[in-house]
Structure formats: C-alpha cells, structure tokens
Amino acid sequence: MAYKFATKAIHAGQQADPTTGAVMTPIYQTSTYQQKAPGDHKGFEYSRGTNPTRKALEDCLAALENGQHGLAFSSGMAATDCVLRLLKPGDEVLTGDDLYGGSYRIFTKVYEPLGIKFVFVNTSDVDAVRAAITANTKLIWLETPTNPTLKLADIEAIGKIAKEKHILYAVDNTFASPYLQNPLDLGADIVMHSVTKYLGGHSDVVMGALIMNDEQLYKNLWFYYNACGGTPGPQDAFLVLRGIKTLHLRMKAHCENGRKVAEFLKDHPKVEKIYWPGFTDHPGHEVAKKQMKDFGGMVSIVLKGADLQETFRIASQFKVFTLAESLGGVESLINHPATMTHGSIPKETREKVGVVDNLLRLSVGIEDADDLIADLEQALA
Ligand SMILES: *Cc1c(COP(=O)(O)O)cnc(C)c1O
C-alpha cells in the first residue's frame, strides 16, 4: 500500500523486532553474523555490505524518495564518490556552476586528474545544458536549489534530455529534502543526499545516501559500495531513523520560519540582495513552485557596502544563530560561504556565481521566528 509522506517517515522500513517486540529498530552493533553452514545465513554476512539497522534506514530513505533501493554512506561525499566510480577515463560529467564546495573539490581535485572531464554549466538554463552535451557525456549531476545562491534547475526538463541522450542523471536533493521534492518522480536516475543536513536534522550525524529505482544500477553501485567501504555505523543509522520521524514537521517549520526571515530581510537597509525562491521576482520562482512543495529554510543575503572585515564583524554578532558550517538542523546557523563551505573554490570562480565576500547564508532553524528576527535585527544594527 502506498502510504503518504508522514506515515512513511515514521514507519517505512521498520517493524517491531520479531524476537522481542521492541518497537524501535535495535542498534545492531555487530560486524558479523552467524552462518549455519557456509553461505547459509539470514541475508547478513558482514556489516560493510549489510547491517539490519542500516537496512531499515535504507528502506525508509528509499520510500521517502519513492525509490526501490537505498544505500546509506558514511558521508554525503562518500555517496557522491560512489557514483563517480561508475565513470572511466575519457568520460564527461555535465554539472552545475554553483555547486557545494566539496562536490567541486572531489570533481576537480580527485576525479579530473584521473582523466574524467567536468563541464560546468548554469543548470537553470535548460538550453545551456542541452548545448553542453557531447558524445562523451556519461553523467549529469546537479543540485537544486543550489548552494548558496538558491538557483533552481528544472529537474523534469533536464531529465527528458538525459533520457533522450541515454545519460545517467543524478540530483543532489540535500537542500530540498525528500519532503519538498522527489527527483526520481521527475526523471532522475539517482537521488543523492547529504543525510547530515535535513534528513538527520539534529546536527549530530554525518551521513550520505543514494536512492534509485533501477535494479542493475543499484547492483553496480552496491558493488563499489561494498568494495570501497564508505559505510556508516549502526548507531548513526539509528539516530537518522529517529531524526526522520519528525522530518515532515521540521520541514514545515523550516519553511514557515524561512518565509518570515526572508520577508524581514527583503527590505532591510543593510541588505543589498536576497536569495530565497519564494519571492515572485526570484528567477527560479516558477520552477520552484512547479517541483517543490514549499520554498525551504535556506536564505542567503548580500550585505550592502560591507567588505570582508565588516562581513566577519556582523557574522560574529549573532546570539541565536550559530556561526557554523552545515545546515538543515533544528538550530539556526549562519555561514560565510566564501571562507567556510566554499573556501575550496577559487575566488574568481566563486565570484562569477555570486559567492562574494559579503554573502552570508542562513540555515533557518525551527526556533521561535520572533527570536530569530530579533537576533537578525540586533546583529545588522
Ligand atoms: C553537505 C553537502 C554535501 C556533502 O555532504 P557531507 O555529508 O558533508 O559529506 C553535498 N551536497 C550538499 C548540497 C551539501 O550541502
């Protein structure tokens, strides 16, 4: 039976423990499993390959993305790495020009030297995506909304191109979370998550995930998963299962607070520019309305007339927002992309896509919105 999102968030992949009746999935803190005779086992051999707590989480993640198969990794980057292992020297990857810094780093510093070519395009422009495809393009990898300037890519339109040209198509869905957007339904072959962010939701776990429908693709990815070993531990899998149980409630609160904070900042005299896809004059607003349930809790601002020193000064004034990398937790965070999350991207490259020295990114948490706005008011004063 096809349950709705909130029911899946609480139950998918999980049932009472058959031996004890424990309602919560146990933390199977074991590396190995007894076999009756060689090869005669209950589906679990060694925890690098499979573990029951992790399996419950993988099934839950798959259900939330309307996919058949899930794989949980020790980090979002380990998940990305696993997809890149499908490529061979000479292959090309078409990807966005406004990526998470760590994705840019693994592309250019790890895989480019191995002979894989990365072509960076503005993925909000479907024609630019089509024009950049060559006979060697083997993977399209995009983020939407992007980090940190919240550009939107039309997942379905690009999916049609990928299908027509037989190119593997992966979407990093970290910023939206499966509550707001489901790329597999829109034509993606693989959904990637930094589970560290909204899925975990409590800033206490680093984890990644891949979700897909195709059985052969799952088998190919599982081969590299097991061969290379970027597996998370069962304790972390338990924490994420627990976090996901409130994903729908948290996301509603993130979106509501995100809207209030964005509206407060829009006309603030210290704010030169604001990025939030809920504004009708945001260039991706229509695409966001079409493919997302709501506009999310991420808001980025450019401070008016502030140099690096003044931006640092303001970023250090917050009392409720915490100055830190990461996003998607219940607590509000403020981040300076140019020196923090995007520090690994060369200055000219990042400035071309708006990651300027006076840009601040807010991950709006689920505290009382009045307190968040008062904190912004005093920090910007
Ligand atoms: C954090 C993040 C990643 C990397 O995930 P980790 O869990 O930190 O390894 C990838 N993509 C996006 C959009 C992210 O925000």
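Residues numbered from 1 in each chain as written. Predicted model: local features only at pLDDT ≥ 70, side-chain atom pairs only at ≥ 80, totals over all residues. Heavy atoms only, no water.

Strands pair in a sheet through their backbones, by hydrogen bonds, and they do so in one of two ways: parallel or antiparallel. Spatial strand order, S8-S9-S12-S11-S10: five strands in an open sheet with mixed pairing. Across the chains shown, the open sheet's two edge strands, defined by having one partner strand only, are strand S8 (271-275) and strand S10 (322-323). Lying over the sheet, helix H12 (residues 308-315) contacts strand S9 (298-303), S10, strand S11 (333-335) and strand S12 (359-363), oriented at roughly 20 degrees with respect to S12. (Pairing = 2+ DSSP bridges. Helix = DSSP H or I, 4+ residues; strand = E, 2+ residues; numbered from the N terminus. Contact = heavy atoms within 4.5 Å. Axes fitted to C-alpha atoms, helices over the stretch in contact; angles between N-to-C directions.)

This paragraph deals with the domain arrangement of the protein chain. Segmentation of the protein chain into domains returns domain 1 (5-244) and domain 2 (247-380). Domain 1 and domain 2 are separated by 25 Å when their C-alpha centres are compared. Across the boundary between the two partners, domain 1 contributes 41 residues, which contact 42 residues of domain 2. Here domain 1 packs against domain 2, burying approximately 3,300 Å² in sum over the two surfaces, 64% of which is carbon and sulfur. (Domains from an automatic or database assignment. Buried area = accessible area lost by both parts, 1.4 Å probe.)

Mapped onto the elements, Ser-75 comes out in the loop between strand S1 (69-73) and helix H3 (76-84). Apart from the residues lying within four places of it in its own chain, the contact partners of Ser-75 are Val-206, Met-207 and Gly-208.

This next bit is on empty space enclosed by the protein. Applying the stated rule across the entire model yields one cavity of 30 Å³ or more. By volume, the largest cavity is sized at about 40 Å³. Taken together, Pro-145, Leu-150, Phe-175, Pro-277, Met-292, Phe-295, Gly-296, Gly-297 and Met-298 make up the lining of the largest cavity. Considering only residue class, the lining of the largest cavity consists of seven nonpolar, two polar and no charged. Per-domain counts for the lining of the largest cavity show at least three residues from each of domain 1 (5-244) and domain 2 (247-380). (1 Å grid on protein atoms, 1.4 Å probe; cavity = no way out; pocket = protein on both sides within 12 Å on 5 of 7 lines; lining within 4 Å. Points joined across faces, edges and corners; volume = space filled by probe spheres on them. Nonpolar A, V, L, I, M, F, W, Y, C, P; charged D, E, K, R; others polar.)

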